[in-house]
Amino acid sequence: MADIKAQVEQIKRGTVEIYNENELADRLAWAAKEKKQLRIKLGMDPTAPDIHLGHTVVMRKMRQFQDMGHKAVLIIGDYTARIGDPTGQNTTRPMLSGEQIEKNAQTYIEQAGKILDTNPDKFEVRPNGQWLADLKLADIIKLTSTMTVARMLERDTFELRYKAGDPISIHEFLYPLMQGYDSVMVHADVELGGTDQTFNNLVGRDLQRFNNQKPQIVITMPILVGLDGKQKMSKSKGNYIGVTDEPKDMFGKVMSISDEMMENYYTLLTDLPTEKIKELTDSNKTHPKLAKVLLGKTIVAQFYNEATAEVAAAEFEKVFAQKQLPDNMPEIEISAEPIAAAKLVVQCKLVETGGEAKRLIAGGGFTIDGEKIADANQMLTPKDGMILKAGKRKFAKLKVI
């Protein structure tokens, strides 16, 4: 029983709420006695192609369960993504096409493997279209009969929109039911999610009871704040660190967070002991820059290795502290024909779209050989060796052909 208590304490670290802790201890004890694996569920809708560090907060908790011998069940919401999760939304989400969803889903498993143990004994992937696509109208009516409108309006976003007179589409009510139905279909013992998923995950408990299954334990994790220090980390908000970011970009983004955010990042994104984190985030004991450098190295090493993390830190010091150019920057082949500044930024792959390029230039974030370019339409003539810089971390060197 002492081992079970230790496991519960390890699982509790960094969590917001466990529904409920006694059930978790009992389920862990049962698994140990019967030599069974618990099934630990995490659902992810492929609404964007990249996983960022905000996603990994929950995935790291899932990895803890795997290390205890249990099985991670990753639900790829290829079907629920077509509805769009209303969580945190003040307006109805646009429904994605099947093609968009499939394209996004392709990279998820590979990226999840950077955090999770993908050994088949400990890892299972299930697209929820396997069962949701086959539901008939009678099945859906039966599913909706398990939930009242009053219960659905307990969800904060629905309640706020209803009181404000903002439209709520009927299909949005189906989302929590479908996510809960996933738990029934995979016989989940535990479901993990951010605090914004609490309502959806508790619906899973209700549906399991309705289907004569033991209700899953729900464990909620804090929402990782994005680089802006204000909003949830999100690719759409541009305040994210992607798990596939280049090491130098990953390190540089970590170095951009405020000192006040470090404790949150250390707790949710590293395995350092709580006492060590307190020491690192106390400016009387550790200089904030040293603490942040260690944080950046630790995070980069998790996705690459320690040697790569050291190189990324050294590059950052050279470029930002000593104001030197990076040793390795992409060399872009280009013709000598005059080109508008915004088009040049896109062609050199410093940003993805013309709109981003225009915003970058308008914000004073684009320079050539150290001189700021202020007009997105300014015609520029490329020359050999020109150094382009976009924002704080992206560089390119031109080679005229």
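Structure's up top.
Definitions and cut-offs
Residues numbered from 1 in each chain as written. Predicted model: local features only at pLDDT ≥ 70, side-chain atom pairs only at ≥ 80, totals over all residues. Heavy atoms only, no water. Helix = DSSP H or I, 4+ residues; strand = E, 2+ residues; numbered from the N terminus. Rg over C-alpha atoms; globule rule 2.2 N^0.38 Å. Buried < 20%, exposed > 50% of the residue type's maximum accessible area, 1.4 Å probe, protein only. Contact = heavy atoms within 4.5 Å. Areas by Shrake-Rupley, 256 points an atom, 1.4 Å probe, with all protein chains shown as cover. Salt bridge = Lys/Arg side-chain N within 4 Å of Asp/Glu carboxyl O. Arc of directions from axis to C-beta. Axes fitted to C-alpha atoms, helices over the stretch in contact; angles between N-to-C directions. Parallel < 35°, antiparallel > 145°, perpendicular 65-115°, else oblique. Left-handed = near helix turned anticlockwise from the far one by under 90°. Nonpolar A, V, L, I, M, F, W, Y, C, P; charged D, E, K, R; others polar. Pairing = 2+ DSSP bridges. Core = buried A, V, L, I, M, F, W, Y, C linked by side-chain atoms within 4.5 Å. Expected span 1.5 Å × (residues − 1). Polar contact = N/O pair within 3.5 Å; in protein donor to acceptor, adjacent residues only side chain to side chain. Right-handed = clockwise from strand over helix to strand, strands pointing away.

Asks: Just to check I follow, could you spell out the overall build of the protein chain for this structure?
Replies: For the protein chain, the count of helices and strands is 18 helices and 13 strands. Relative to a compact globule of 401 residues, whose C-alpha radius of gyration would be 21 Å, the protein chain shows 24 Å and is just as compact. Principal axes of the C-alpha set define a box for the protein chain whose edges measure 70 × 50 × 40 Å. A buried classification covers 46% of the 401 residues belonging to the protein chain. Counted over contacts in the protein chain with a minimum sequence separation of 6, partners at least 24 positions apart contribute 71%. A total accessible area of about 20300 Å² is found for the protein chain, and carbon and sulfur atoms account for 50% of it.

Asks: Whenever I open this one, the pattern of salt bridges confuses me. Can you help?
Replies: Opposite charge on two side chains permits pairing when their charged atoms draw close. A full pass over the atoms with the stated rule returns 21 salt bridges. Across the pair Glu-21 and Lys-12 runs a salt bridge, and its minimum N-O distance is 3.5 Å. Take Glu-21: its relative accessible area is 33%, and that puts it in the partly exposed class. On the accessibility criterion, Lys-12 (29% relative accessible area) is partly exposed. When the shortest N-O distance is used, the salt bridge between Glu-279 and Lys-276 registers 3.7 Å. Of this pair, Glu-279 and Lys-276 both sit in helix α14 (residues 274-280), separated by three residues, roughly a single helical turn. Residue Glu-279 is classed as partly exposed on the basis of its relative accessible area, which comes to 36%.

Asks: I tried to follow helix α4 (residues 98-105) on my own but got confused; where do I start?
Replies: Quick reminder: α-helices carry 3.6 residues per turn. Residues three or four places apart thus point the same way. Taken residue by residue, α4 has Ile-101, Asn-104 and Ala-105 as its buried positions. Angularly, the buried residues of α4 cover 95° about the axis, an arc narrow enough to put them on a single face. Along α4, the residues that are exposed and aim more than 90 degrees away from the buried face are Glu-99 and Lys-103. Along its buried surface, α4 packs onto β3 (71-76) and α5 (108-112).

Asks: Is there a simple way to explain the packing of helix α10 (residues 170-186) against helix α11 (residues 198-210) in this structure?
Replies: When two helices pack together, their arrangement is given by the angle between their axes and by how far apart the axes lie. As a packed pair, α10 and α11 sit with axes 7 Å apart at the nearest point and diverge in direction by 55°. With respect to α11, the element α10 is oriented oblique. Crossing hand, α10 versus α11: right-handed. Of α11, the residues touching α10 (which contributes Tyr-175, Pro-176, Leu-177, Gln-179, Gly-180, Tyr-181, Ser-183 and Val-184) are Phe-199, Asn-200, Asn-201, Val-203, Gly-204, Leu-207 and Gln-208. Grouping the constituent residues of the contact of α10 with α11 by class yields eight nonpolar, seven polar and no charged.

Asks: I keep staring at the sheet that holds strand β4 (residues 123-127) and nothing clicks. Help me out?
Replies: The strands making up a sheet associate through backbone hydrogen bonding, with each pair oriented either parallel or antiparallel. Strand order in the open sheet formed by six strands is β1-β6-β5-β2-β3-β4, with mixed pairing between adjacent strands. Only two strands of the sheet have a single partner each, and these edge strands are β1 (17-19) and β4. Between one strand and the next, the sheet's axes are offset by a mean angle of 20°, whatever the strand orientation. Where helix α2 (residues 21-34) meets the sheet, its contacts fall on β1 and β6 (217-221), and the angle it forms with β6 comes to roughly 120°. Here α10 sits on the sheet and contacts β2 (39-44), β3, β4 and β5 (190-194); the angle it forms with β2, its principal contact strand, is near 145°.

Asks: Sorry, what's going on with the nonpolar core here?
Replies: Core analysis: the biggest nonpolar cluster contains 62 residues, and Leu-53, Phe-65, Ile-219 and Tyr-265 have the highest contact counts within it. A total of six residues in this core trace back to one element, the largest contributor, which is helix α3 (residues 53-67). Those residues in contact with Leu-53 that sit more than four places away from it in its chain are Leu-224, Met-233, Ile-241, Val-243, Leu-269, Ile-299 and Phe-303. Counting 23 residues, the second-largest nonpolar core is a separate cluster that includes Ile-334, Ala-341, Ala-357 and Leu-360.

Asks: Looking at this structure, I do not really get the sheet that holds strand β7 (residues 331-334). What am I missing?
Replies: Pairing is mixed in the open sheet, where five strands are placed in the order β7-β13-β12-β9-β10. At either margin of the open sheet sits one strand with a lone partner, and together these are β7 and β10 (371-372).

Asks: Sorry if this is basic, but what is going on with α2 here?
Replies: Here α2 is 14 residues long and its end C-alpha atoms lie 20 Å apart, about the 20 Å a rise of 1.5 Å per residue gives. Restricting attention to buried positions, one finds in α2 the residues Leu-24, Ala-25, Arg-27, Leu-28 and Ala-31. All buried residues of α2 fall inside an arc of 165° around its axis, so they share one side. Among the exposed residues of α2, those pointing more than 90 degrees away from its buried face are Asn-22, Asp-26 and Lys-33. The distance from a side-chain oxygen at the start of α2 to the backbone nitrogen of Asn-22 is 3.2 Å, and the residue carrying that oxygen is Asn-20.

Asks: In this structure, what is going on with the side chain of Thr-286? I would like to understand it.
Replies: Summarising the element assignment, Thr-286 is placed in the loop between α14 and α15 (288-303). In terms of polar contacts, Thr-286 uses its side chain to reach the backbone carbonyl oxygen of Glu-279, at 3.0 Å. Not counting residues within four places of it along the chain, the set of residues in contact with Thr-286 comprises Glu-279, Leu-280 and Ala-291.

Asks: What should I look at first to understand the pairing of β3 in this one?
Replies: Within a regular strand, the side chains alternate between the two sheet faces. Burial analysis of β3 places six of its six residues in the buried class, which makes it a mostly covered element. The pairing of β2 with β3 spans six bridges and is classified as parallel. Directly across from Arg-39, in β3, lies its bridge partner Lys-71. Remark: the β2/α3/β3 crossover connection has right-handed handedness.

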